[in-house]
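If you want the building blocks of each chain, they are given just below.
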Amino acid sequence: MRAFREELNAQCGKVALFGSLASIVCNLPSIPTDLALFPDRPVIVALRVALAPLGLLVLVLHLLDRSRRHSLLLVTLLLAYLEVSMGLITAFADFHANYVVGLCIALPMIFVGPIQRGVALGILAASLAAMFGIGLARGVRFDTTETSDLLGSIAIASAIAVTLVFLFDRIRRTAWQRLRQIERHRAETAEDKRKIDELNRRISQENERLALDARQRSAQLEIVNGIQRGLASKLDFQGIVE
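Residues numbered from 1 in each chain as written. Predicted model: local features only at pLDDT ≥ 70, side-chain atom pairs only at ≥ 80, totals over all residues. Heavy atoms only, no water.

1. Comments concerning the nonpolar core
Core analysis: the biggest nonpolar cluster contains 28 residues, and Ile 110, Ile 115 and Ile 154 have the highest contact counts within it. Listing elements by their share of this core, those giving two or more residues are α1 (4-25), α4 (71-92), α5 (97-106), α6 (117-137) and α7 (145-241). Examining the composition of this core, we find that 6 residues originate from one element, α7, more than from any other. Sequence-distant contacts of Ile 154, defined by excluding residues within four places in its chain, comprise Phe 95, Val 100, Leu 103, Cys 104, Leu 128 and Met 131. Formed by 9 residues, the second largest nonpolar core is a distinct cluster that contains Ile 89, Phe 92, Ala 93 and Ala 130. (Core = buried A, V, L, I, M, F, W, Y, C linked by side-chain atoms within 4.5 Å. Buried < 20%, exposed > 50% of the residue type's maximum accessible area, 1.4 Å probe, protein only. Helix = DSSP H or I, 4+ residues; strand = E, 2+ residues; numbered from the N terminus. Contact = heavy atoms within 4.5 Å.)

2. As for the pattern of salt bridges
Tallied over the full model, the rule gives 11 salt bridges. The shortest N-O distance in the salt bridge between Asp 94 and Arg 41 comes to 2.9 Å. In this pair, Asp 94 sits in the loop between α4 and α5 while Arg 41 sits in the loop between α2 (31-37) and α3 (42-64), placing the two residues 53 residues apart along the sequence. Given the relative accessible area of 31%, Asp 94 is considered partly exposed. The structure contains a network of salt bridges with shared partners spanning Arg 41, Asp 94 and Arg 138. (Salt bridge = Lys/Arg side-chain N within 4 Å of Asp/Glu carboxyl O.)

3. What about unusual backbone geometry?
For Asp 94, which is not glycine, the phi dihedral falls at a positive 55 degrees. Located in the positive-phi region is Phe 95, a residue other than glycine, with phi close to 60 degrees. For Phe 95, the position within the fold is in the loop between α4 and α5.

4. Points about the environment of Lys 195
Relative to the helices and strands, Lys 195 is located in helix α7. Lys 195 gets classed as partly exposed once you look at its relative accessible area, which sits at 47%. Sequence spacing of Lys 195 and Arg 217 is 22 residues, and the spatial spacing of their C-alpha atoms is 33 Å.

5. Looking at the environment of Val 224
Secondary-structure assignment places Val 224 in helix α7. By relative accessible area, Val 224 is classed as partly exposed at 41%. Here the alpha-carbon distance between Val 224 and Leu 56, two residues 168 residues apart in the chain, equals 90 Å.

Here's what the structure looks like:
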């Protein structure tokens, strides 16, 4: 029976193909908006474009990894870059409302990937830390009503993301535990069947041995009876002669 990490790896193997394909194209439609709003900040475009070759790399590695041993690592890598890059893009865009909306959509998406709960929470924390660190370093201030509302939206999205991470981790863990119980029951059933088959085999062997003994004894009795009949006939003949 496989451990929970191995179960997550198996689940990641089922979503890695779609996730890598989506990563290749998901950021491309936003690039014209980036160029229109922030033509002097190529780092935003670079962060978006970098997801495409990363998705292609994950796709190639996933297809080459026929045993699917590294699916969990590949999906974790994709989600980590997606979340952290969205935080950085939001910071370099000086918390522009359009980019905060995109971040609020991206943050809860961390639950989609069946990765370890602690890793998912760490990715969320890294995304938020990078966003606020870069934003504060660039001189962004949150002292207006608009920025306060944006911070509130980010806080709500973060809370939703954390809730979904815990909720789906519980769902996956419960499903895994039930699967373990089913596998354990199957193993116990198979062991019981093996024992019954072994017992039936021994009984059959014992029956064959007893039948063989019975045939041997019957043959021996036939021999003894033949001898006795021969002796009786001889005695009867001697009696007649006398």
